[in-house]
There are 2 protein chains.
Amino acid sequence: MILKLREYGITDPEEINLFKHCVHPDRPEPLDLHMAMFLPTLRNQATPEQMDRFYTPAWNLEIIGTYAQTEMGHGTHLRGLETTATYDPATQEFVLNSPTISSIKWWPGGLGKTSNHAIVLAQLYTQGNCHGLHAFIVLLRDMKTHIPLPGVVVGDIGPKFGFNEVDNGYLKLENIRIPRENMLMKFAKVEPDGTYVKPPRAKLTYGTMVFMRSWIVGGSSQALSRACTIAIRYSAVRHQSETRPGEPEPQILDYQTQQYKLFPLLAMAYAFHFVGQYMKQTYLRITGDITKGDFDELPELHALSAGLKAFTTWAVSSAVEVCRMACGGHGYSCSSAFPDIYVRFTPSCTYEGENTVMMLQTARHLMKSYRQAEAGQQLSGIVSYLNDKVQPQPVTARPTVVDINDLASLVEVYKLRAANLVELAAKSIQQELQHRRSQEDAWNNSAIDLVRASDAHCHYVVVKLFTDKLRDISDTGVHSVMSTLALLYALQGITKNSGDFLQAGLLSVPQVLQTSVRIKELLAQLRPDAVALGDAFDHNDKKLNSVLGRYDGNVYENMFEWARSSPLNATEVHESFHKYLKPLRSKL
Amino acid sequence: MILKLREYGITDPEEINLFKHCVHPDRPEPLDLHMAMFLPTLRNQATPEQMDRFYTPAWNLEIIGTYAQTEMGHGTHLRGLETTATYDPATQEFVLNSPTISSIKWWPGGLGKTSNHAIVLAQLYTQGNCHGLHAFIVLLRDMKTHIPLPGVVVGDIGPKFGFNEVDNGYLKLENIRIPRENMLMKFAKVEPDGTYVKPPRAKLTYGTMVFMRSWIVGGSSQALSRACTIAIRYSAVRHQSETRPGEPEPQILDYQTQQYKLFPLLAMAYAFHFVGQYMKQTYLRITGDITKGDFDELPELHALSAGLKAFTTWAVSSAVEVCRMACGGHGYSCSSAFPDIYVRFTPSCTYEGENTVMMLQTARHLMKSYRQAEAGQQLSGIVSYLNDKVQPQPVTARPTVVDINDLASLVEVYKLRAANLVELAAKSIQQELQHRRSQEDAWNNSAIDLVRASDAHCHYVVVKLFTDKLRDISDTGVHSVMSTLALLYALQGITKNSGDFLQAGLLSVPQVLQTSVRIKELLAQLRPDAVALGDAFDHNDKKLNSVLGRYDGNVYENMFEWARSSPLNATEVHESFHKYLKPLRSKL
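Heads up: these notes are all about the structure in this document. Just so it is clear, the model here is predicted, and its values are computed rather than measured. (Residues numbered from 1 in each chain as written. Chains lettered and ligands numbered in written order. Predicted model: local features only at pLDDT ≥ 70, side-chain atom pairs only at ≥ 80, totals over all residues. Heavy atoms only, no water.)

Section: the overall build of chain A
Here is step 1 of the chain: A count of helices and strands for chain A gives 20 helices and 11 strands.
Here is step 2 of the chain: Relative to its length of 588 residues, chain A is compact, with a C-alpha radius of gyration of 27 Å against a globular reference of 25 Å.
Here is step 3 of the chain: When its C-alpha atoms are laid out on the principal axes, chain A stretches across 85 × 85 × 55 Å.
Here is step 4 of the chain: The buried share among the 588 residues of chain A stands at 56%.
Here is step 5 of the chain: In chain A, the share of contacts with a sequence separation of at least 24, taken over all contacts with a separation of at least 6, comes to 70%.
Here is step 6 of the chain: For chain A, the accessible area works out to roughly 23,900 Å², and carbon and sulfur atoms hold 54% of it. (Helix = DSSP H or I, 4+ residues; strand = E, 2+ residues; numbered from the N terminus. Rg over C-alpha atoms; globule rule 2.2 N^0.38 Å. Buried < 20%, exposed > 50% of the residue type's maximum accessible area, 1.4 Å probe, protein only. Contact = heavy atoms within 4.5 Å. Areas by Shrake-Rupley, 256 points an atom, 1.4 Å probe, with all protein chains shown as cover.)

What about the interface of chain B and chain A?
Here is step 1 of the chain: Listed as interface residues are 123 residues of chain B and, on the opposing side, 123 residues of chain A.
Here is step 2 of the chain: When the two sides are added together, the surface that chain B and chain A hide from each other amounts to roughly 9,800 Å², 61% of it contributed by carbon and sulfur.
Here is step 3 of the chain: Contact with chain A buries area across many residues of chain B, yet Phe161, Tyr332 and Ile448 of chain B alone supply 8% of it, more than any other trio.
Here is step 4 of the chain: Summed over the shared surface of chain B and chain A, the result is six salt bridges.
Here is step 5 of the chain: Between Lys520 of chain A and Asp449 of chain B there is a salt bridge, with the nearest N and O atoms lying 2.4 Å from each other.
Here is step 6 of the chain: Viewed at the interface, chain A and chain B are joined by 62 residue pairs in polar contact (both at pLDDT 80 or more).
Here is step 7 of the chain: Top contributing element to the side of chain B that touches chain A by residue count: helix H19 (residues 555-564) of chain B, with seven residues.
Here is step 8 of the chain: For the side of chain B that touches chain A, the residue count by class is 52 nonpolar, 41 polar and 30 charged. (Buried area = accessible area lost by both parts, 1.4 Å probe. Salt bridge = Lys/Arg side-chain N within 4 Å of Asp/Glu carboxyl O. Polar contact = N/O pair within 3.5 Å; in protein donor to acceptor, adjacent residues only side chain to side chain. Nonpolar A, V, L, I, M, F, W, Y, C, P; charged D, E, K, R; others polar.)

Topic: the nonpolar core
Within soluble globular proteins, side chains that are nonpolar tend to cluster in buried spots.
Here is step 1 of the chain: Counting 247 residues, the largest nonpolar core has Trp106 and Tyr489 of chain A together with Trp106 and Tyr489 of chain B as the members making the most contacts within it.
Here is step 2 of the chain: Once you skip the residues sitting within four places of it in the chain, Trp106 of chain B turns out to touch His330, Met559, Phe560 and Ala563 of chain A together with Thr70, Glu71, Met72, Ile157, Gly169 and Tyr170 of chain B. (Core = buried A, V, L, I, M, F, W, Y, C linked by side-chain atoms within 4.5 Å.)

Focus on the pattern of salt bridges
Here is step 1 of the chain: Summed over the entire model, instances satisfying the criterion amount to 57 salt bridges over all chains.
Here is step 2 of the chain: The partner of Arg244 of chain B in a salt bridge is Asp441 of chain A, with the nearest N and O atoms 2.8 Å apart. Of this pair, Arg244 of chain B sits in the loop between helix H5 (204-237) and helix H6 (256-291) while Asp441 of chain A is found in helix H12 (residues 439-444), placing the two residues in two different chains.
Here is step 3 of the chain: Of the residues examined, Asp441 of chain A reaches a relative accessible area of 29% and is grouped as partly exposed.
Here is step 4 of the chain: Between Glu521 of chain A and Arg518 of chain A there is a salt bridge whose closest N-O contact spans 2.7 Å. Taken together, the positions of Glu521 of chain A and Arg518 of chain A, both in helix H16 (residues 509-526) and three residues apart, correspond to about one turn of that helix.
Here is step 5 of the chain: Classification of Glu521 of chain A as partly exposed rests on a relative accessible area of 40%.

Things to note about the packing of helix H14 (residues 476-496) of chain B against helix H16 (residues 509-526) of chain B
Residue and element names in this part refer to chain B.
Here is step 1 of the chain: Interhelical geometry of H14 versus H16 gives an angle of 145° and a closest axis separation of 10 Å. Between H14 and H16 lies a crossing whose hand is left-handed. Across from Val481, Thr484, Leu485, Leu487, Leu488, Leu491, Gln492, Ile494 and Thr495 in H14, the residues of H16 making contact are Thr515, Ser516, Arg518, Ile519, Leu522, Leu523, Gln525 and Leu526.
Here is step 2 of the chain: Split by residue class, the contact of H14 with H16 holds 10 nonpolar, six polar and one charged. (Axes fitted to C-alpha atoms, helices over the stretch in contact; angles between N-to-C directions. Left-handed = near helix turned anticlockwise from the far one by under 90°.)

Here's the deal with the sheet that holds strand E4 (residues 105-106) of chain A
Backbone-to-backbone hydrogen bonds pair the strands of a sheet. The strands run either parallel or antiparallel.
Here is step 1 of the chain: On the basis of which strands lie adjacent, the open sheet formed by three strands has the order E4-E8-E7 (chain A) and antiparallel pairing. This sheet does not close on itself; its edge strands, each paired only once, are E4 and strand E7 (152-156) of chain A.
Here is step 2 of the chain: Inspection of the sheet shows E4 of chain A paired to strand E8 (residues 169-173) of chain A by two bridges, in the antiparallel sense. In the strand pairing of E8 of chain A, Trp106 of chain A is matched with Tyr170 of chain A.
Here is step 3 of the chain: Strand contacts of H19 of chain B: E4, E7 and E8 of chain A, with the helix running at about 115° to E8 of chain A, the strand carrying the most contacts. (Pairing = 2+ DSSP bridges.)

Quick word on the packing of helix H11 (residues 407-434) of chain A against helix H13 (residues 447-470) of chain A
Residue and element names in this part refer to chain A.
Here is step 1 of the chain: Running from amino to carboxyl end, H11 crosses H13 at an angle of 160°, the nearest separation of the two axes being 8 Å. Between H11 and H13, the angle is such that the two are roughly antiparallel. Two packed elements cross with a definite hand, and for H11 against H13 that hand is left-handed.
Here is step 2 of the chain: Taken together, the residues that form the contact of H11 with H13 break down as 15 nonpolar, four polar and six charged. (Parallel < 35°, antiparallel > 145°, perpendicular 65-115°, else oblique.)

Some details on helix H4 (residues 48-59) of chain A
All names here are of chain A.
Here is step 1 of the chain: Between its first and last C-alpha atoms H4 spans 15 Å; for 12 residues at 1.5 Å apiece the expected length is 16 Å, and the two agree.
Here is step 2 of the chain: Listed in full, the buried residues belonging to H4 are Gln50, Phe54, Tyr55, Pro57, Ala58 and Trp59.
Here is step 3 of the chain: Residues of H4 that are buried sit in contact with helix H1 (2-8), helix H2 (13-23), helix H3 (32-45), strand E5 (117-126) and strand E6 (129-139).
Here is step 4 of the chain: Leu61 sits one or two positions beyond H4 and adopts a positive phi of about 60°. (Expected span 1.5 Å × (residues − 1).)

A look at the side chain of Asn355 of chain B
Residues and elements named next belong to chain B.
Here is step 1 of the chain: By secondary structure assignment, the location of Asn355 is in helix H9 (residues 355-374).
Here is step 2 of the chain: At 2.8 Å, the side chain of Asn355 forms a polar contact with the side chain of Thr313.
Here is step 3 of the chain: When near neighbours in sequence (up to four residues on either side) are disregarded, Asn355 contacts Lys309, Ala310, Thr313, Trp314, Ser348 and Cys349.

Digging into the relation of the copies chain B and chain A
Between the two chain copies there is a screw-like relation: a rotation about an axis and a shift along it.
Here is step 1 of the chain: Rotating chain B by 180° about the axis while translating it 0.0 Å along that axis superimposes it on chain A, leaving an RMSD of 0.1 Å. Here the copies are linked by what is in effect a two-fold axis. Across chain B, the rotation axis passes nearest the C-alpha of Gly499 of chain B, at a separation of 1.8 Å.
Here is step 2 of the chain: Here 100% of the interface residues in chain B have copies in chain A that are interface residues too; the copies meet face to matching face. (Least-squares fit on C-alpha atoms with pLDDT ≥ 70 in both.)

Considerations on the environment of Pro89 of chain B
Residue and element names in this part refer to chain B.
Here is step 1 of the chain: The topology assignment puts Pro89 in the loop between strand E2 (84-88) and strand E3 (93-97).
Here is step 2 of the chain: In this structure Pro89 comes out as partly exposed when scored by relative accessible area, which is 44%.
Here is step 3 of the chain: Counting along the chain gives 105 residues from Pro89 to Gly194, while the straight-line C-alpha distance between them is 5.9 Å.
Here is step 4 of the chain: Contacts of Pro89, omitting those with residues within four sequence positions, involve Pro192 and Asp193.

Notes on the packing of aromatic side chains
Here is step 1 of the chain: Inspection of the entire model under this criterion finds 39 aromatic pairs over all chains.
Here is step 2 of the chain: On the numbers, 6.0 Å between centres and 80° between planes, the contact of Tyr8 of chain B with Phe19 of chain B is edge-to-face. A residue pair is termed long-range when its members are at least 10 positions apart, and Tyr8 of chain B in helix H1 (residues 2-8) and Phe19 of chain B in helix H2 (residues 13-23) qualify at 11 residues.
Here is step 3 of the chain: Among the aromatic residues, those joined into a cluster by ring pairs are Trp107, Phe161, Phe163, Tyr332 and Tyr342 of chain A together with Trp107, Phe161, Phe163, Tyr332 and Tyr342 of chain B. (Phe/Tyr/Trp six-rings, centres within 6.5 Å; stacked < 30°, edge-to-face > 60°.)

Topic: the environment of Glu174 of chain B
Residues and elements named next belong to chain B.
Here is step 1 of the chain: Checked against the element boundaries, Glu174 lands in the loop between strand E8 (169-173) and strand E9 (176-179).
Here is step 2 of the chain: When its relative accessible area of 37% is taken as the criterion, Glu174 is described as partly exposed.
Here is step 3 of the chain: Considered as a pair, Glu174 and Leu96 are 78 residues apart in the sequence and their alpha carbons are 7.0 Å apart.
Here is step 4 of the chain: For Glu174, the side chain forms a polar contact with the side chain of Lys172, separated by 2.8 Å.

Observations regarding the pairing of strand E9 (residues 176-179) of chain A
All names here are of chain A.
Here is step 1 of the chain: Judged by which residues are buried, E9 turns out to be one-sided: Ile176 and Ile178 face inward and are buried, whereas Arg177 and Pro179, on the alternate face, are not.
Here is step 2 of the chain: Judged from the four bridges that link them, strand E3 (residues 93-97) and E9 form a sheet pairing that is antiparallel. Across the sheet, the residue bridging to Glu93 is Pro179, located in E9.

Quick notes on the sheet that holds strand E4 (residues 105-106) of chain B
All names here are of chain B.
Here is step 1 of the chain: The strand order across the open sheet built from three strands is E4-E8-E7, with neighbouring strands paired in antiparallel fashion. Of all strands in the sheet, those with a lone pairing partner are E4 and strand E7 (152-156), marking the two edges.
Here is step 2 of the chain: Pairing analysis gives five bridges linking E7 to E8, with the strands arranged antiparallel. Along E8, the bridge assignment pairs Gly155 with Tyr170.

Section: the pairing of strand E2 (residues 84-88) of chain A
All names here are of chain A.
Here is step 1 of the chain: With four of five residues buried, E2 is to be regarded as a mostly interior element.
Here is step 2 of the chain: In this structure, the hairpin formed by E2 and E3 is closed by a connection of four residues, where Gln92 is found at a positive phi of approximately 55°.
Here is step 3 of the chain: Judged from the three bridges that link them, E2 and E5 form a sheet pairing that is parallel. Paired with Thr86 across the two strands is Tyr125, which belongs to E5.

Regarding the side chain of Thr350 of chain B
Here is step 1 of the chain: Note that Thr350 of chain B resides in the loop between helix H8 (338-345) and H9.
Here is step 2 of the chain: Taking the relative accessible area as the measure of exposure, Thr350 of chain B reaches 17% and is therefore buried.
Here is step 3 of the chain: Non-local contacts of Thr350 of chain B, meaning those with residues more than four positions away in its chain, are made with Gly328 and Gly329 of chain A together with Thr76 and Lys309 of chain B.

Written out as structure tokens, the structure reads:
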């Protein structure tokens, strides 16, 4: 694969990723972090001199690198990382150390056995002061023999839920000295005498996080659409139970309960696809502005991207398992592909920012915006609805009748729900403060409400973006079925959270009952298009890698073939018979 | 282990299971089905002559057997199984066949490589009539060489999500002839001339199912309490984030969001433990009655056990993953034990009756009871609340004020919610029938409502049984903390389903808001006891097998030790360097 990348001249990280997906569909590999983190970090943060020294050898795999940030004791809370890099002006070197057990670098992919270099994130100390996290290039292993250098304790962290192809590693640094020139100095610098020079724009790192998160949101749609495609196709193949005596068994896709499991998830896959698109496009538009020095929209997108990352990955992590279980026992077999999809997707709830922390990050932005609105400030962007909450409109201007068949009306009601829960969280904090609790305790004692508020805010954004997207669809047939999906997504969210809508007086009891009835109609309406709506995601058989989800539907014959090729079937009598069963028998 | 079982004279299946758990904590094995299904089925369904012929050699592992029921094309819907056993009076033999690909036996544990016999469930044909499923003992492999017999196509079904230690197998039978005496004939019989003799009591199989399900409910508490113990202990060890500048990082167990994830699950583990106990006790009491010919209570327990099996396994399957993710990245490592707990537990949502089918089975009982109540019949047992629903009490007799701090009051409100949702489902069916739909379509078009009704019924039963259990606790300290857990379990269920309670007018909006506030208080109240409440389940370190969940709390040191012993770390330079990386480099 790497030779082919060279041959075709593929160098753009996203193109590398797409190519890799064609060769090894969705299989993680030891060189992934080299490709996706080590090389791009060099490109973004290395000086021209460092590019010369590291990039070309890294491109030729003489240098194989990884990105070592997370430690045993700290992940999402970056300020807590303990690894130190202390500048020694006498030798113009940094001395890197893992001062505690919990400071051992833990989890970086390819670190254990593959890499001979790592970009190590460490607290920079110079002239007696700590300047926070900075990135350092550290040689780990002898370039010829691949033996770890003295003072470098490196290895694999052992078996995991998935990612078995990757040597996620640990790294303990014991007084490792690296030249001053190995600190990535495109932005921040340490002068030879140890003087620290601040980076010009502290907020630039924001951008990468937003980009990574938009990529995760898009990835969540990919994982979910694969799971839905498999489950829906198989549900059209599988026949089960007798509904009418003497008649053939129906396809399980005809059962309302099966439709209720799968179709809302199909709608969700489309919703998250559009959200991922929106985030990426907005990111690209904003980063255009950043180069012109316009940061205005960044905090909002940054805050939103944290919550949306959590909202989508949590939902999809559960949803993949719903799809798996909707396929009965066979979903548990690796021939279904579900076990792989799950163990590869579910870590995204934790990496790039643990989800609860992400939700609270979005909540921080919401609380700040709410206070600004309370102070009479006119908010811009998505949170502007908080102005209406704080300064209620005259009664006549407010929607009095919600039409549950009208998406615009549903977007409005989701918005009001979000506004209501943001207010509830803000009031909880205010009450705590009135009881003379500290800011920190008030925040912690309101954390459940804050997460709920973020969740409702994200939910509103997703429903809104899905609805907005419909305007771009000109084909009437596509527009019609996409509207049905959007409506199902919105109504399903209402039944699942009906308490919120009833509590805030946004919907009446008859409307909630009507919602359940309407959902059943939408399920029946989607039934004829369900398989095609999965197909539309265009996951080919090689990429799906699922016997259950085969395009041609020949599931049972191929499941039998797949099983027969299991390594355990290489011999009719397995060695365990001679090794264990026979000797045991003779002792009884 | 097997030699020790002999030495100690352990023969009771439950005792065998407990002993096995001490030796290999929670590890499935190829002989599991031999022990847990083959031997007990012989004991229950074999004639004395068959016992002589099969049981003793099976006990001595000359015969190794499994229980082959599920086929590729059919699982829960037993009547759909396709394997045939046709009696041939000329030779006094049964001829067994797998007539289609989908009829191949699929999934039985130990079938692929280990067993030389199987109890095969097949449709019995004799004298031109089909008499439904019966059990036959089939020799699969040569007793000496272990080579499959001609016409027996047997092997392993390939890798799965878990249960890697077990050779789950397939079995295709091609005109396999077995003597008439190999049909298990303790109940039903086929005479030498082919005359079929019915079993005396068709409902006896009910009992085993109820027992298995009560065992699964108890098992769900075991799995969940292990997950909770690990997550709560680790949350006391892990410190993260800075809440107050300059102060040490708090234990993550002090975060409200973490408590909100874990404490309701801890309460759930206790709730399900008591439910499992109740089911087992009731089963034993009722089976006492069965031998006296009193079947009255069996349908209710049978219907309830189906729903409770689904209710508890779904809840725990999700909950284990919540516990895993509550431990951040380290939860994903096998050192946490979470991956193992999950892949071993989650199949219980599918086996012994697929959960949605189970919920609909309970719903069938509820609908029947509702119609009986409508017809003026006085119901007995748990469903008797439907009488009140159908024949409303005078207003003065109904509770007007719900006290959310009073468990008796909450049991009542859960009961009314269940009654309401049962009524909603019954009315949906009635409406469908009024629209001239067939019984079958009316049922299917109401299936979502039926599952909701079952779920609410089970939820009521769980809250009720937990509350009832408190009466048995005399120690005031234990009583107090158990009451707090029961209250948390009940209130958490209300906030998660607040729409149901608001919709039915059972709770007011202020009460729902008050519930959320009360939950926060209960979390804070449980915080000091949380670790001890996990400890109380008495999972020792060997059984937990979790570095994160160690009793002594020395997580980080031991995680490092655990990682260092990973097979990949046997050499400093892994063979992949010489085999792949070096040659690749030379080509670039």
